[in-house]
Structure formats: C-alpha cells, structure tokens
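# Commentary on secondary and tertiary structure
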Amino acid sequence: MTLYIVPTPIGNLEDITLRALRVLKSVKLIAAEDTRTTRFLLKHFEIDTPLTSYHEHNKLTKLDAIFAALADGDVALVSDAGTPGINDPGYELIREAVARGVKIEPLPGASAAITALVASGLPTDGFIYLGFLPKKDKARADFLAPFVDEPRTLILYESPNRLVEALAALAEALGDRPACVAREITKLHEEFQRGLLSVIAAHYRAQPPRGEIVIIVGGAPPRVIETWDEDRVRAALEVRRAAGEPLKVAAKAVAAESGWDRRSVYALGLDN
C-alpha cells in the first residue's frame with residue numbers, strides 16, 4: 001500500500017494538479033492537518049473520500065489508526081495548504097512510514113516558499129529555508145547568528161502580527177539587506193514588497209499586514225579583504241608564533257586575515 005504526499009493549493013484552488021485530484025479520489029483515506037479546510041477543497045472538486053485529522057496535537061495518537069488504514073489501502077497526506085511535511089506534523093508520519101517500510105509517493109505541487117523565492121527577484125541559485133523565527137529576542141538573535149556571512153538567499157515564514165518585529169530583527173542581525181515580503185500568494189490580495197529590510201518594515205509599520213507571509217532575504221555580500229603588506233604579515237605571524245602557535249596554524253590564521261595565500265605566509269614563517 002502507498003502513502004501519497006499530496007500538495008494542495010496555497011490559495012487559488014485552480015493550482016491543484018490533475019494527478020492530485022485523481023489520487024484524492026482513489027485513496028481509501030485522507031489524513032488532513034485541518035479537516036475543515038480540506039473538506040472545503042474536496043467539496044469544491046466533488047470528492048467524497050473519507051477524512052481523518054492528523055495535526056500537531058494528535059500526531060502521536062493517530063499514527064496507529066493511519067497505519068491500520070494503510071494496511072487496508074492507500075492513504076493520502078495533505079496539509080492546510082502547500083506541500084505536506086514543511087512546517088507541519090506530516091514530517092513525523094512520513095518518517096514513521098519510512099521506518100515501517102511503507103511505499104511513499106510524493107506529488108509535486110504548490111509551495112509558498114518556492115513561489116515567493118522565484119518572484120522575489122533575489123538570487124535563486126542557492127537558498128536556505130529557515131522556517132519560523134523564534135519569538136524571543138535572544139533566541140532569535142542566537143538563531144540568526146550563524147547566517148551573518150551566509151551568501152545564499154534565506155527563506156522564512158512569519159505571522160502577520162510579528163512581521164515588523166521580525167524584519168527589524170533580521171536587519172539588526174544580518175544588516176539592512178535587500179529583501180522581499182510575499183503576502184497572500186495566489187490569493188485575491190497577493191502582494192510583493194521588495195526593498196531593503198528597513199524600508200519594508202517601515203511600510204508594514206504604517207500598513208499592518210494580514211494573511212500568510214513569506215520573507216525572502218538576500219545573502220551576505222562577499223567580504224572585501226584588505227591585502228596586507230609583507231611587513232604586516234610578518235609581524236602578525238611573529239605575534240602568533242611567540243604565543244606558541246605552530247607555524248602551520250599561525251600561517252592559516254594570518255592568511256585568512258591578510259588576504260595572502262596560506263603557502264606564501266607559511267614560506268615567510270620559514271624565513272624567520
């Protein structure tokens with residue numbers, strides 16, 4: 001039997017795929033993050049497949065029931081919107097299915113993160129999805145610290161009531177970088193605000209946002225390293241050597257600071 005991972009529209013119902021409709025009609029059971037949302041979708045497309053809830057608060061107690069259904073036939077996993085397993089409890093069900101040797105068949109489809117990224121105008125050749133930022137200031141700062149020098153584009157989700165605070169925290173931690181806030185993607189009031197983090201924050205401070213939010217942040221610009229002259233390199237090397245560092249370690253550290261090639265710094269150390 002097969003567990004199908006079925007993306008659903010993130011707003012516009014026309015974004016459902018023909019394959020997704022076929023699967024939702026043919027499976028024995030649909031495990032849904034919110035049965036009310038999914039029931040609306042099924043009613044629109046005249047699908048009467050049985051539903052069961054599978055969400056953050058019952059994800060552990062529902063596992064046995066879902067796998068019992070899988071023993072009898074195919075099951076489809078859906079989330080409120082978009083691709084299951086991204087910031088929802090679908091991940092645990094998929095992981096357990098893998099552990100139990102259940103066949104998993106993922107369907108391609110809607111994803112707010114990717115849709116926002118390609119519309120942002122920011123680089124798409126490399127990116128990192130970070131999910132939701134922590135709510136507390138220190139936890140948020142600690143969370144962002146490893147990404148200060150990250151050159152790839154960052155993707156985050158955020159709630160509308162914390163958007164301005166999140167944009168300010170991103171600017172403080174990473175610098176006032178180019179960014180894009182995508183709001184209500186594929187829906188009637190779809191909006192893309194592009195500009196520096198501080199400018200976008202000012203916009204939404206004046207016009208409080210509503211709806212689903214994706215934040216896209218440009219990666220760190222390349223660092224311009226000043227190339228030291230030879231006397232400065234020798235002096236830095238001597239300081240490290242006097243402190244007891246092996247030449248190999250000292251040469252690597254000085255090379256990173258000076259813009260020199262490590263082998264050239266090492267060769268200077270051999271001359272001393």
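All residue numbers refer to position in the chain's written sequence, counted from 1. Only residues with pLDDT of 70 or above have their local features reported here, since the model is predicted, and side-chain atom pairs are shown and tallied only from 80 upward, although totals for entire chains, interfaces and linings are computed over all residues. Water and hydrogen atoms were dropped before computing side-chain values, which therefore reflect all heavy atoms in the structure.

## Quick word on the side chain of Arg 183
A run of DSSP states H or I qualifies as a helix once it reaches four residues; a run of E qualifies as a strand once it reaches two. Both are numbered from the N-terminal end. By the element assignment, Arg 183 lies in strand β8 (residues 178-183). In terms of polar contacts, Arg 183 uses its side chain to reach the backbone carbonyl oxygen of Arg 210, at 3.0 Å. Contacts are residue-level and defined by heavy atoms, with any inter-residue pair within 4.5 Å sufficient. Once residues within four sequence positions are removed from consideration, Arg 183 is found in contact with His 189, Glu 190, Glu 191, Tyr 204, Pro 209, Arg 210, Glu 212 and Ile 213. Under the rule applied, a polar contact is a pair of N or O atoms within 3.5 Å (in protein, one hydrogen donor and one hydrogen acceptor; residues adjacent in sequence only if both atoms are side-chain atoms).

## Quick notes on the pattern of salt bridges
Where charged atoms of side chains with opposite charge meet at close range, the side chains can pair. Put simply, a salt bridge is a Lys or Arg side-chain nitrogen that is within 4 Å of an Asp or Glu carboxyl oxygen. All told, the structure shown has 16 salt bridges when counted by the stated rule. Among the salt bridges present, the one from Arg 100 reaches Asp 64, with a minimum N-O distance of 3.7 Å. Taken together, the residues Arg 100 in the loop between α4 (90-99) and β5 (103-106) and Asp 64 in helix α3 (residues 63-70) connect sequence positions 36 residues apart. Under the scheme applied here, a residue whose accessible area is under 20% of the maximum for its type counts as buried, over 50% as exposed, and between as partly exposed, the area being computed with a 1.4 Å probe on protein chains only. A residue is classified by how much of its surface remains accessible, and Asp 64, at 56% relative accessible area, is exposed. With a closest N to O distance of 3.7 Å, Glu 105 and Lys 103 form a salt bridge.

## A few points about the sheet that holds β8
Across the sheet, 5 strands lie side by side as β6-β7-β10-β8-β9; this open sheet has mixed pairing. Edge positions in the open sheet fall to β6 (127-132) and β9 (191-196), since each of these has one partner strand only. Neighbour-to-neighbour, the strand axes of the sheet open up by a mean angle of 15°, direction not taken into account. Bridge analysis of β8 against β9 gives 6 bridges, and the strand direction is antiparallel. Note on β9: the bridge partner recorded for Cys 180 is Arg 194. Its contacts with the sheet place helix α8 (residues 197-206) against β8, β9 and β10 (213-217), and it is angled at close to 135° to β9. Should DSSP find at least two bridges between two strands, the strands are regarded as paired. A fitted line through C-alpha atoms serves as each axis, taken over the contacting stretch for helices, and the angle formed by two N-to-C directions is quoted from 0 to 180°.

## Overview of the side chain of Thr 38
By the secondary structure assignment, Thr 38 is in helix α2 (residues 35-44). Among the residues examined, Thr 38 registers a relative accessible area of 3% and is labelled buried. Contacts of Thr 38, omitting those with residues within four sequence positions, involve Ile 30, Ala 32, Leu 51, Val 78 and Ser 79.

## Details of the sheet that holds strand β4 (residues 75-78)
One open sheet holds the 5 strands; their spatial order is β3-β2-β4-β1-β5, and the pairing between them is parallel. Because the sheet does not close on itself, it has two edges, and the strands there are β3 (51-53) and β5. Taking each pair of neighbouring strands and ignoring which way they run, the sheet shows an average axis angle of 25°. One ladder, built from 4 bridges, connects strand β2 (residues 29-32) with β4; its direction is parallel.

## Comments concerning a nonpolar patch on the surface
The grouping of Ile 114, Val 118 and Phe 127 at the surface amounts to a nonpolar patch, some 260 Å² of accessible area in total. Among the secondary structure elements, Ile 114 is positioned in helix α5 (residues 112-120). Of the residues examined, Ile 114 reaches a relative accessible area of 38% and is grouped as partly exposed. Patches here are clusters of residues that have more than 30% relative accessible area and form no salt bridge, with a 9 Å joining cutoff for like charges and a 5 Å cutoff for nonpolar side chains (Val, Leu, Ile, Met, Phe, Trp, Tyr). Using the Shrake-Rupley algorithm and a 1.4 Å probe, accessible areas are obtained, with residue cover drawn only from the displayed protein chains.

## Overview of helix α1 (residues 18-26)
Residues of α1 that are buried include every one of Ala 20, Leu 21, Val 23 and Leu 24, and no others. End-on, the buried residues of α1 take up no more than an arc of 165°, which puts them together on one face. Residues of α1 that are exposed and angled more than 90 degrees away from the buried face: Leu 18 and Lys 25. Against β1 (2-5), β2, α2 and β4 lie the buried residues of α1. The arc in question is formed by the directions pointing from the helix axis toward the C-beta atoms.

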